[in-house]
Amino acid sequence: MAIPKLSLVLADDHPLMLTGLQQELEQAGYNVVATATNGTSALEAIHTHNPDIAFLDIEMPFLNGFEVITRLKDEQLKTRFIMMSYHKQKGFVVQAKTVGVQGYLLKEDSFEEIAVCIAEVMKGNNYYSKSFDDDFETMANEELKKISLLTPSERTIIRLIAQNKTSMEICEALSISKRTVEKHRTNIIAKLELEPVANTLSVWINSHTEIINSL
């Protein structure tokens, strides 16, 4: 039986998924204090209730799960975050780690694994679905370490490249020289351990769209 005082907010834009999860959690003794079907409502519910745990879907109207967490970063909340998603791609896991998610579950995971995740998160541990093997998580952690080496200026350059800005447009936007832009590109490629070939950075950005907004 779960600790009755443990409060939860649930957010998912699929009504059946949301209702089913709420029923299972309440039957197990958890206290679901609010539910939401979009990111804006989830943000408001977390602000209002300051729950122990917020379960967030990644893809929701208005604000996605990662954006909700990012907007709450500076708040003095006790809330810990668990993502529930169908996405198994490494980029989503890297983004989850980047924004400070404590748990990442897949929607097909059993309720038993959800309960284990809650227990581990409340202990202060991180928990990722058993569907991810050790090699997958190792790769995600290595990717995160590389990204953590990027300076604020280099992260800005990546965001602008992701917006299809040319080098000259980046120069104008940041009031820097083309030489400085190219130097940033070279440093980024080296830190991300990419092959120094044409379009290598653009290819990396296109395959990591999930994490660009969190840089």
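You'll find the structure just up there.
Rules behind the numbers
Residues numbered from 1 in each chain as written. Predicted model: local features only at pLDDT ≥ 70, side-chain atom pairs only at ≥ 80, totals over all residues. Heavy atoms only, no water. Helix = DSSP H or I, 4+ residues; strand = E, 2+ residues; numbered from the N terminus. Expected span 1.5 Å × (residues − 1). Buried < 20%, exposed > 50% of the residue type's maximum accessible area, 1.4 Å probe, protein only. Arc of directions from axis to C-beta. Contact = heavy atoms within 4.5 Å. Phe/Tyr/Trp six-rings, centres within 6.5 Å; stacked < 30°, edge-to-face > 60°. Polar contact = N/O pair within 3.5 Å; in protein donor to acceptor, adjacent residues only side chain to side chain.

(A) Main features of helix α5 (residues 111-122). Look at α5: 17 Å from first C-alpha to last across 12 residues, which is about the 16 Å you get at 1.5 Å a residue. For α5, the complete set of buried residues consists of Phe-111, Glu-113, Ile-114, Cys-117, Ile-118 and Val-121. The arc enclosing the buried residues of α5, seen along the axis, measures out at 155 degrees, which places them on a common side. On its buried face, α5 is in contact with α1 (15-27), β3 (53-57), β4 (80-85), β5 (103-106) and β6 (127-128).

(B) How the structure looks around the side chain of Ser-7. Examined against the element boundaries, Ser-7 turns out to sit in strand β1 (residues 7-11). Looking at Ser-7, the relative accessible area reads 9%, which means it is buried. With residues up to four places along the chain from it excluded, the contact list for Ser-7 reads Asn-31, Val-33, Pro-51, Asp-52 and Ile-53.

(C) Structural detail: the packing of aromatic side chains. For the structure shown, the criterion picks out one aromatic pair. Considering the side-chain rings of Tyr-104 and Tyr-128, the 6.3 Å spacing of their centres and the 15 degrees angle between planes classify their relative orientation as stacked. Of the two residues, Tyr-104 is situated in strand β5 and Tyr-128 in strand β6; the sequence distance between them amounts to 24 residues. The same class applies to Tyr-104 as to Tyr-128, namely buried.

(D) Region of interest: the side chain of Glu-154. Structurally, the position occupied by Glu-154 is in helix α7 (residues 152-162). In this structure the side chain of Glu-154 is engaged in a polar contact, spanning 2.9 Å, whose partner is the backbone nitrogen of Thr-151. Looking at Glu-154, its side chain comes within polar contact range of the side chain of Lys-191, at 2.9 Å. Setting aside chain neighbours within four positions, we find Glu-154 in contact with Leu-149, His-184, Asn-187, Ile-188 and Lys-191.

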